[in-house]
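Chains, contacts and geometry: an overview
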Amino acid sequence: MRPDPLAYLTAELNALKEQGLYRKLRILEDEQKAQTTFDHRSVVNLSSNNYLGLTTHPRLRERALEATRQYGVGTGSVRTIAGTMDIHMELERRLADFKKTEAVVVFQSGFAANAGTVSAVLSKDDVVVSDELNHASIIDGCRLSRAAIKVFPHKDIDAARKILQTLPASQRKLLITDGVFSMDGDLGPLPQLCALAEEFGCIMMVDDAHASGVFGRNGRGTIDHFDVHGRVDIQVGTLSKAIGVLGGYVAGTRALIDFLYHRARPFLFSTSHPPAVAAACIAAIDVLLENPKLIDRLWDNTRFFQAGLKSLGFNTGASEGPITPVIVGDGALAMKLSDRLFDAGVFAQGIAFPTVAIGKARVRTIVTATHTRDELQFALDAFASVGRALGIVQ
Ligand SMILES: Cc1ncc(COP(=O)(O)O)c(C=O)c1O
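Quick caveat: nothing in here was measured; it's all calculated off a predicted structure. In this convention, every chain numbers its residues from 1, walking through the sequence in written order. This being a predicted model, a pLDDT of at least 70 is required before a residue's local features are given, and a value of 80 or more before pairs of side-chain atoms are given or counted; all residues contribute to the totals for chains, interfaces and linings. With hydrogens and water stripped out, all remaining heavy atoms of the structure feed into the side-chain values.

Here's the deal with the overall build of the protein chain
Of regular secondary structure, the protein chain possesses 14 helices and 13 strands. For 394 residues, the compact-globule estimate of 2.2 N^0.38 gives 21 Å, and the C-alpha radius of gyration of the protein chain, at 21 Å, lies within 12% of that figure. If one aligns the C-alpha atoms of the protein chain with their principal axes, the spans along those axes are about 60 × 55 × 55 Å. Only protein chains enter the accessibility calculation, which uses a 1.4 Å probe. A residue is then buried if its area is under 20% of the maximum for its type, exposed if over 50%, and partly exposed in between. Counting across all 394 residues of the protein chain, residues that qualify as buried make up 54%. In this description, contact between two residues means that some pair of their heavy atoms is separated by no more than 4.5 Å. Restricting the contact set of the protein chain to residue pairs at least 6 apart, pairs at least 24 apart contribute 70%. Accessible surface area values rest on a Shrake-Rupley calculation with a 1.4 Å probe, where residue burial reflects the displayed protein chains alone. Only carbon and sulfur atoms are counted for the fraction: they give 53% of the accessible area of the protein chain, which is about 17,500 Å². A helix here means a DSSP run of H or I that spans at least four residues, while a strand means a run of E at least two residues long, and both kinds are numbered starting from the N terminus. To get the radius of gyration, use the C-alpha atoms; to get the globule rule, take the number of residues to the power 0.38 and multiply by 2.2 Å.

Spelled out as structure tokens, the structure:
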């Protein structure tokens, strides 16, 4: 038998096991909702991005089924050949109206939207100035573009300014931040970054994946929250988190969107969304417009749960929204906390290096609009008893 050329992968996995960082996938055996069943156990679910409970909303479900009956299950082509249906165009029009921009292009995922856009709009002579905690899809887009990448410490405007001061005025620059940082739940400093972009003539781009449906009026995102309309050239949103379905989009000028139709590689080279996805996303926009109380409930639950964690003595970092980390430092301890919570009926995922820096390991919690107070109190009680047993709080 020939030697296994992939044997080094097994060695790396064994190292993860030794460090207590090897994870088995948790299997969801029910709907994605606030109390559900993973791995045969009923748990309060604090691990999904289903902020508004739209994954199981009757209206989205119905529209997805209708679209499947009308159009079938797939599109059979990429958007640029035969895979653009009228329902895809309707979704892009609805999103552009919602975001108050000239146009929108929808990608297969938020990841594809970020990576496809950054790599399309920049090339090797350009430079990206990027927050150190920006999402992996931004980092991959930057690498694919072959532009120079300059990273500034998290939210450090002075450091970003110093980088910009060293760059020639004639060089094309992209200044880029997450709207909401996915591991900490804090917000990018958009007004200050927009001012910098204006001063130094940068393209300004914001990845609003975790802000879509959560921040701003009716969930229009951090651009609306900070009222920086017209100052962000490229806005990315996702349809996979609060919107409850799947996909990502870029909102901006007609020229930007036409350019991406011609040059963004995931748009050109990967098959378009099934019609059910587009239909459910359109229904989600209707829900956001007609039922803003859903977002109010999300925020009420966020305040209740965060206050509870803080009063128990947990380190919840700098969160400003429904993503609340419980930072414990050591990776193995974070995984142990997550496992013990699961045994106690609460699913909150442990997260360690390389997803977060060494020494910043955590359990990440995300509450939704659909959690009941009893469910959240149950989760807080579990955090209290497991946190004490592990010596994380007193
Ligand atoms: C900040 C951020 N941007 C982009 C994405 C990618 O979005 P999607 O899940 O739609 O690919 C994520 C999701 O993990 C994210 O957290």
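Observations regarding the pairing of strand β2 (residues 41-45)
One requirement defines pairing of two strands: DSSP has to find at least two bridges between them. Of the pairings in the sheet, the one linking strand β1 (residues 35-38) to β2 comprises 4 bridges and is antiparallel in character. The partner of F38 across the bridge, within β2, is R41. What sits between the antiparallel neighbours β1 and β2 is a turn of 2 residues, in which D39 has the positive phi angle 45°. Note: β2 against strand β11 (residues 346-347), 2 bridges, orientation parallel. For N45, the partnering residue across the bridge sits in β11 and is F347.

Thoughts on helix α6 (residues 157-165)
Residues I157, A159, A160, I163 and L164 constitute the buried set of α6. All buried residues of α6 lie within an arc of 160° about the axis, which places them on one face of the element. Within α6, the exposed residues directed more than 90 degrees away from the buried face are D158, K162 and Q165. Those residues of α6 that are buried lie in contact with β4 (127-131), β5 (148-152), β6 (173-178) and α7 (190-200). Throughout this description, a polar contact denotes any pair of N or O atoms lying within 3.5 Å of each other; where both atoms belong to protein, one of them has to be capable of donating a hydrogen while the other can accept it, and for residues adjacent in sequence the pair is counted only when both atoms sit in side chains. Sitting at the head of α6, D156 places a side-chain oxygen 3.2 Å from the backbone nitrogen of D158. The directions from the helix axis to the C-beta atoms are what the arc is built from.

Section: the environment of A344
Of note, A344 is situated in the loop between α13 (331-343) and β11. Taking relative accessible area as the criterion, A344 reaches 32% and is therefore assigned partly exposed. Dropping the residues within four chain positions of it, A344 is found in contact with F378, A382 and V386.

Let's talk about the packing of aromatic side chains
One pair of aromatic rings is described through two measures. These are the centre distance and the angle between the planes. Only Phe, Tyr and Trp rings are paired, with Trp represented by its six-membered ring, and only when their centres lie within 6.5 Å; those with planes under 30 degrees apart are stacked, over 60 edge-to-face, the remainder tilted. Inspection of every chain in the model, using the stated rule, returns 7 aromatic pairs. Relative to F383, the ring of F305 lies with its centre 6.4 Å away and its plane at 70°, an arrangement referred to as edge-to-face. One end of the pair, F305, is in helix α12 (residues 293-312); the other, F383, is in helix α14 (residues 373-389), and 78 residues separate them in sequence. F383 matches F305 in its accessibility class, with the two residues each being buried. Measuring from ring centre to ring centre gives 5.9 Å for F342 and F347, while their planes differ by 90°; the resulting arrangement is edge-to-face. Of the residues examined, F342 reaches a relative accessible area of 5% and is grouped as buried. Taken together, the ring pairs connect F38, F342 and F347 into an aromatic cluster. Here, a charge over a ring is recorded when the distance from Lys NZ or Arg CZ to the ring centre is within 6 Å and its angle to the ring normal is within 35 degrees. One residue, K17, lies across the ring of Y22, its end atom 4.6 Å from the ring centre. Above the plane of the ring of F347 lies R26, whose end atom (NZ or CZ) is 5.8 Å from the centre.

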